[in-house]
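# Per-entry structural report
Next come the chains, spelled out residue by residue.
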Amino acid sequence: MMAAMMLSITIPWMMAVWRLTPQSPTRSVVEFLAGYLLTWTVFSVAASMMQGLLSNATLISTTGVPNTPLFGGVLLFVAGLFQLTKIKERCLAHCQSPLGFFLTTWHGGRWGIIRMGIHHGTYCVGCCWALMLLGFVAGVMNLIWMIGVTIYVFVDQSLLKTPALSRLTGAFLLIWGAWTIVESEL
């Protein structure tokens, strides 16, 4: 599901690879996507393992929803904090500039393009992991939540060229998380 969510965000990246490799654009796009999807697959396996551990620890239900409001509040707070970090800002800046990345980091050949896909995928995971973590607040199989996150990431990475939305989202998540934590203790 994560790969499907993130594929729409890679459209500008695939178009850039297509334009920069006129001899074999289709193969180059497939190789770039292979590296990108490999990165998201590794992240997805780790997230699935985390879901199992959280479920075994009875912190979340079998559907991935927190068993206590306190745990959901902590997840919201952590995601909010991350949205305000320099790491998030750096990853977001990378994700917003495909042409800049390719002009400064081009690696030729099959493995070079796959390597660039892995490199980009790593930044993409770095940019989005905290938002994916919020799947544990709404339920990991909540389709409406995941569509919302997909739209949010698309706007944040492809349409805006500023970290303003991330900062606003971070502040909102901090407030929501703090409110949820306080409410759970009353």
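Everything discussed here concerns the structure shown above.
Residues numbered from 1 in each chain as written. Predicted model: local features only at pLDDT ≥ 70, side-chain atom pairs only at ≥ 80, totals over all residues. Heavy atoms only, no water.

### Some thoughts on a nonpolar patch on the surface
Side chains of Leu20, Leu99, Leu103 and Trp106 sit close together on the surface and give an oily, nonpolar patch of about 390 Å² of accessible area. Residue placement: Leu20 occurs in helix α2 (residues 11-20). For Leu20, a relative accessible area of 35% translates into the label partly exposed. (Patch = residues over 30% accessible without salt bridge, like charges linked within 9 Å, V, L, I, M, F, W, Y side chains within 5 Å. Areas by Shrake-Rupley, 256 points an atom, 1.4 Å probe, with all protein chains shown as cover. Salt bridge = Lys/Arg side-chain N within 4 Å of Asp/Glu carboxyl O. Helix = DSSP H or I, 4+ residues; strand = E, 2+ residues; numbered from the N terminus. Buried < 20%, exposed > 50% of the residue type's maximum accessible area, 1.4 Å probe, protein only.)

### Focus on the nonpolar core
Membership of the largest hydrophobic core comes to 34 residues, with the highest contact counts inside it found for Met6, Trp40, Cys128, Met132, Leu134, Phe136 and Val153. Secondary-structure elements contributing two or more residues to this core are α1 (2-7), α3 (25-56), α4 (69-83), α5 (86-95), α7 (109-133), α8 (135-138) and α9 (143-159). If you tally residues by element for this core, the top one is α7, at nine residues. Setting aside residues up to four positions removed in sequence, Leu134 forms contacts with Leu75, Leu76, Ala79, Trp145 and Leu173. Core analysis: the next-biggest nonpolar cluster, separate from the first, contains eleven residues, Met14, Ala16, Val29 and Phe32 among them. (Core = buried A, V, L, I, M, F, W, Y, C linked by side-chain atoms within 4.5 Å. Contact = heavy atoms within 4.5 Å.)

### Comments concerning the state of the cysteines
One pass over the structure, following the stated rule, counts zero disulfides. Of all cysteine sulfurs, the one in Cys127 lies closest to Cys95, which takes part in no disulfide; the gap is 4.6 Å. Relative accessible area serves as the criterion here: at 3%, Cys95 is assigned to the buried category. Take Cys128: it sits in no disulfide, and the sulfur closest to it among the cysteines is that of Cys124, at 4.6 Å. Note on Cys128: relative accessible area 1%, which makes it buried. (Disulfide = S-S within 2.5 Å.)

### Things to note about the pattern of salt bridges
One pass over the structure, following the stated rule, counts three salt bridges. When the shortest N-O distance is used, the salt bridge between Glu31 and Arg27 registers 2.9 Å. Taken together, the residues Glu31 and Arg27, both in helix α3 and four residues apart, mark about one turn of the helix. What makes Glu31 buried here is its relative accessible area of 6%. Exposure remark for Arg27: the relative accessible area of 42% places this residue in the partly exposed category. Glu89 serves as the salt-bridge partner of Arg167, at 2.9 Å between the closest nitrogen and oxygen. Highlighted residues: Arg167 in helix α10 (residues 164-185) and Glu89 in helix α5, separated in sequence by 78 residues. Given a relative accessible area of 28%, Glu89 falls into the partly exposed group.

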